[in-house]
Amino acid sequence: MDGLLNKIHLADCMDIMREMPDNYIDLAIVDPPYGIGGGSNVSNKSSREWDKKPIEKYFYELDRISKNQIIWGGNYFTEMIKFNSNHSIIWDKQNGNSFMSDAEIALTTIKKNTTKFFKLFWMSNMMGKEEKPIIHPTQKPVALYRWLLQNYAKPGDLIFDSHSGSGSLAIACVEEGFNYIACEIDPDYHKASVERLHKKYKELEQGLGFIKYKKRSEKDKREMDKLFGD
Ligand SMILES: C[S@@+](CC[C@H](N)C(=O)[O-])C[C@H]1O[C@@H](n2cnc3c(N)ncnc32)[C@H](O)[C@@H]1O
C-alpha cells in the first residue's frame, strides 16, 4: 500500500479504494461531481465529460475505507451518504452578484460546531498567484483545504481525495505536512494537476513559502523533472 502514498493517481477511485483495507484512511476529504453541470469555463471539456454523479457503491466504499469523511456537495448526495450526521461546513465564496453559486456545503462525520462557516473570496478568473494556475472548472482553493486540514485533521492523519481535479488538496497536504492519496480519472486534468504540484514543489524546494512541508522522494523528483523539465 505504501506505493499509493503522496501521489495523484491517474485512476478510477473505485479501483484504488478496492485495494484499501477497512479504515485505512484517517480522513477522506472528497469532492465528487455533483452532476449539475456548470463550473467556470477554464478548459475546452464540456461538463458532460467529467460531471457524472457517483453511484451508491462509491459511498459504501468510502465509508468502509475511511474513519472520517468530509464530503463536498453532500447536499446533492443525501440519499446515498452512509453516515448520519447533521454536521456541515459551509464555504461562503463572498462572490457578490456573480452568476456562480454563493456557497458550497460539505457534510462531515466530524462533530464540531453543527454548522461551521469558512469565508474566502473565490472567483476563478480573479484569484491571486497563490491559487494560480486555474486548471479545472470546479477548482477549489488551496487555502480552503489548508483550513480544513488545520481544523479537522490530526497530525499524522492519512488524507484521501477520491476526485482530485486540479490537485488543490494534494498541494494543501504537502504544504501542511500530511501524507495523502489522490485519484483523478481524466488524463488531461491529471497531467495538469501533477504539473501544478511539480511547480509547487519547485517553489518549496527553493525555500519559498512553507518551511515544514512534506518533501517528495528523490525518485518522484526525478520522474517529475523528466516529465515537465525543471
Ligand atoms: C468536482 S471535480 C473535483 C475538483 C477538485 N476538488 C479541485 O479542487 O480541483 C471532480 C473530478 O472528479 C473526476 N472524476 C470523476 N469520476 C471519477 C472517478 N470515478 N475516479 C476519479 N476521478 C473521477 C472528474 O474528472 C473531475 O475532475
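Everything numeric in this text was worked out from a predicted model, so none of it was measured.

Caption draft 1: Spatial organisation of the site of the ligand. Neighbouring the ligand are 19 residues, the closest being Asp31, Lys140, His163, Gly165 and Ser166. Counting only elements with at least two residues in the shell around the ligand, the list comes to helix H1 (13-18) and strand E8 (179-184). Along the lines of polarity and charge, the residues of the shell around the ligand split into seven nonpolar, seven polar and five charged.

Caption draft 2: Broad picture of unusual backbone geometry. Positioned with a positive phi, Asn6 is a non-glycine residue whose angle comes to about 55°. Among the structural elements, Asn6 can be located in the segment before strand E1 (7-10).

Caption draft 3: Inspection of the sheet that holds strand E6 (residues 115-119) at higher detail. Pairing in this open sheet of eight strands is mixed, and the strands run E1-E8-E7-E2-E3-E5-E4-E6 from one edge to the other. The outermost strands of the open sheet, each flanked by one partner alone, are E1 and E6. With strand direction ignored, the average angle separating the axes of adjacent strands in the sheet is 20°. As defined by bridge partners, strand E2 (residues 25-30) adjoins strand E3 (residues 66-72) across five bridges and the pair is classed as parallel. By the bridge assignment for E3, Val30 is matched with Ile71. Set on the sheet, helix H5 (residues 168-176) makes contact with E1, E2, strand E7 (158-161) and E8; between it and E8 the angle comes to about 170°.

Caption draft 4: Spotlight on the nonpolar core. Among the nonpolar cores identified, the biggest contains 41 residues, and Ile29, Tyr145, Ile159, Ala170 and Cys173 are the most heavily contacted of them. No other element matches the six residues that H5 contributes to this core. Sequence-distant contacts of Cys173, defined by excluding residues within four places in its chain, comprise Leu149, Ile159, Phe178, Tyr180 and Lys214.

Caption draft 5: Geometry of the pairing of E8. Judged by how many residues are buried, E8 sits mostly within the fold: five of six residues are covered. Alignment of E1 against E8, held across four bridges, turns out to be parallel. Paired with Lys7 across the strands is Ile181, a residue of E8. Bridge count between E7 and E8: four bridges; the pairing is parallel. The partner of Phe160 across the bridge, within E8, is Ile181. Handedness of the crossover joining E7 and E8 through H5: right-handed.

Rules and cut-offs
- Residues numbered from 1 in each chain as written.
- Predicted model: local features only at pLDDT ≥ 70, side-chain atom pairs only at ≥ 80, totals over all residues.
- Near = placed C-beta within 6 Å.
- Helix = DSSP H or I, 4+ residues; strand = E, 2+ residues; numbered from the N terminus.
- Nonpolar A, V, L, I, M, F, W, Y, C, P; charged D, E, K, R; others polar.
- Pairing = 2+ DSSP bridges.
- Axes fitted to C-alpha atoms, helices over the stretch in contact; angles between N-to-C directions.
- Contact = placed C-beta atoms within 7 Å.
- Core = buried A, V, L, I, M, F, W, Y, C linked by C-beta atoms within 7 Å.
- Buried ≥ 20, exposed ≤ 12 C-beta atoms within 10 Å, placed from the backbone.
- Right-handed = clockwise from strand over helix to strand, strands pointing away.

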